[in-house]
Amino acid sequence: MRLIIMGPPGAGKGTQARYIAEHFGIPAISTGDIFRANVSQGTPLGVEAKRYMDAGEYVPDEITNRMVRNRIDEPDAKQGFLLDGYPRTLAQVEELDGMIKFTGHQLDAVLSVVVDKDEVVKRLLQRAQIEGRADDTEDVIRRRQEVYLEQTQPLIQVYGERDILVEVDGLGEVDEVTKRIFDALDVVPES
Ligand code: AMP
């Protein structure tokens, strides 16, 4: 299985990604998690990425693409993977197409978790308060949503035109959403 999970920041993608990946026995590859790990280890990649992340902007495609290419080349991803947070720009879509084509496989499905914008901003503000994420200010949270709408939302149409888009309502309890996702993915043939 080669899957992508998409949705605006705060849609609960990360949690769902872990369940789906476990179910299919494939790694969940979260670019945000890889960037954060690099930031906390203070690697050169982390130092570079942090500037963008703190501002709510995207890390440049060139850096992100190289990182994903390396991750997908690892042995555990040979049988498939679930990408969480990648691709996020049209240039990343093209790059990923090339990476997958090179392996002789194809994308099986792109899962889009659909949520209300105001609802996710509310959730993210609550989370920032509870977890004491001082740098997750309202401005940065709103900027991340704007960047998503400008740069990532258009990808939904691209995948829709390829007939591999699976849209799932992301509102409700975590396990309700998980069930909807599994029901929707049940009909996706494995390549
Ligand atoms: P996430 O946890 O997926 O929301 O990612 C956290 C931050 O990492 C994002 O706000 C971006 O700054 C950066 N990031 C993660 N994935 C990408 C990507 N595919 N392209 C560019 N930047 C990314």
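Heads up: the structure comes first, above all this text.
1. Focus on the overall build of the protein
Then, number 1: In terms of regular secondary structure, the protein is built from eight helices and five strands.
Then, number 2: Computed over its C-alpha atoms, the radius of gyration of the protein comes to 16 Å, within 12% of the 16 Å expected for a compact globule of 191 residues.
Then, number 3: Judged by the C-alpha coordinates and their principal axes, the protein covers about 45 × 40 × 30 Å.
Then, number 4: When burial is assessed residue by residue, the protein has 45% of its 191 residues classed as buried.
Then, number 5: Long-range contacts, defined here as pairs at least 24 residues apart, represent 72% of the contacts in the protein between residues at least 6 apart.
Then, number 6: Entry remark: accessible area of the protein is about 10,300 Å², with carbon and sulfur atoms responsible for 49%.

2. What to know about the site of the ligand
Then, number 1: Every one of the 14 residues lining the ligand counts as a neighbour, but Thr31, Arg36, Glu57, Gly85 and Arg88 are closest to it.
Then, number 2: Residue threonine 31 places a side-chain N or O atom 2.8 Å away from a nitrogen atom belonging to the ligand.
Then, number 3: Between the ligand and the protein, one listed contact pairs a nitrogen atom with a side-chain N or O atom of glutamine 92 at 3.0 Å.
Then, number 4: Protein contacts shield 91% of the accessible area of the ligand, which totals 480 Å² for the unbound molecule.
Then, number 5: Sorting elements by how many residues they give to the shell around the ligand places helix α2 (residues 31–41) first, with four residues.
Then, number 6: Looking at the shell around the ligand residue by residue, the class counts come to five nonpolar, five polar and four charged.

Each value, and the rule that gives it
Residues numbered from 1 in each chain as written. Predicted model: local features only at pLDDT ≥ 70, side-chain atom pairs only at ≥ 80, totals over all residues. Heavy atoms only, no water. Helix = DSSP H or I, 4+ residues; strand = E, 2+ residues; numbered from the N terminus. Rg over C-alpha atoms; globule rule 2.2 N^0.38 Å. Buried < 20%, exposed > 50% of the residue type's maximum accessible area, 1.4 Å probe, protein only. Contact = heavy atoms within 4.5 Å. Areas by Shrake-Rupley, 256 points an atom, 1.4 Å probe, with all protein chains shown as cover. Near = heavy atom within 4 Å. Polar contact = N/O pair within 3.5 Å; in protein donor to acceptor, adjacent residues only side chain to side chain. Nonpolar A, V, L, I, M, F, W, Y, C, P; charged D, E, K, R; others polar.

Honestly, that's just the spatial picture; any functional story needs more than this.
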